[in-house]
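Notes for the structure review
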Amino acid sequence: MITAGQVQKLTSLTANQLREWSHRRDLIPPDVEAGGPGRPALYTWQTVLLLRLAVVLRERFRIELQGHKELLHALRDLFAGVPFPTLRGCVLALRAMELGEILPEGMVRVDSGDQDTLFLRLDPHLDVLEAEFSPTDQSDQFPLFRAVQVR
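A few points on the structure. (Residues numbered from 1 in each chain as written. Predicted model: local features only at pLDDT ≥ 70, side-chain atom pairs only at ≥ 80, totals over all residues. Heavy atoms only, no water.)

Focus on the overall build of the protein chain
Looking only at helices and strands, the protein chain features 5 helices and 5 strands. Seen in sequence order, the protein chain has helices and strands lined up from the N terminus as β-α-α-β-α-α-β-β-β-α. Going through the 151 residues of the protein chain one by one, you find that 35% of them count as buried. The long-range fraction of contacts in the protein chain, counting pairs at least 24 apart against all pairs at least 6 apart in sequence, stands at 61%. Carbon together with sulfur atoms contributes 53% to the accessible area of the protein chain, which is approximately 9600 Å² in total. (Helix = DSSP H or I, 4+ residues; strand = E, 2+ residues; numbered from the N terminus. Buried < 20%, exposed > 50% of the residue type's maximum accessible area, 1.4 Å probe, protein only. Contact = heavy atoms within 4.5 Å. Areas by Shrake-Rupley, 256 points an atom, 1.4 Å probe, with all protein chains shown as cover.)

Focus: the packing of helix α1 (residues 4-11) against helix α3 (residues 45-59)
Between two packed helices, both the angle of their axes relative to each other and the distance between the axes serve to describe the pair. Packing of α1 against α3 brings their axes to within 10 Å, and their N-to-C directions diverge by 40°. Taken together, the axes of α1 and α3 are oblique relative to one another. By crossing handedness, the relation of α1 to α3 is classed as right-handed. Contact residues: V7, L10 and T11 in α1; V48, L51, R52 and V55 in α3. Split by residue class, the contact of α1 with α3 holds 5 nonpolar, 1 polar and 1 charged. (Axes fitted to C-alpha atoms, helices over the stretch in contact; angles between N-to-C directions. Parallel < 35°, antiparallel > 145°, perpendicular 65-115°, else oblique. Left-handed = near helix turned anticlockwise from the far one by under 90°. Nonpolar A, V, L, I, M, F, W, Y, C, P; charged D, E, K, R; others polar.)

Quick notes on the environment of I102
Position of I102 among the secondary structure elements: in strand β4 (residues 99-104). The class for I102 is partly exposed, based on a relative accessible area of 25%. As for I102 and R121, which are separated by 19 residues in sequence, their C-alpha atoms are 9.9 Å apart.

Structure, rendered in structure tokens:
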């Protein structure tokens, strides 16, 4: 988990914007609420990913997030428990801005009978998050399995 200061760097949100989205408007709350002085709010990579996607919705598509608060909460549940590597090569499909789905990029098709869908690529956001959330020093960690030769 990372602090609000690190989240600001990864999302380009100001401290006021992050407070507004996380607390006042309850769009995307932190995973661990601040516990007073010295105990800052903490965010998981899933929450930071959702914040980055929300920034894209607001900045690039001019979507008012408050009107889609329920969708943002549903997306938080959608990302919960999803392993990071499984999101590689995927898109977030927002169907009529009411339902979110995670789809492999190769499965994205637009049929005339489908409802309007907005597709957001996840890889650019995962690249940024990977740099922040990956362990910096793994020298003390033993490999889980010993390497074996395969013939």
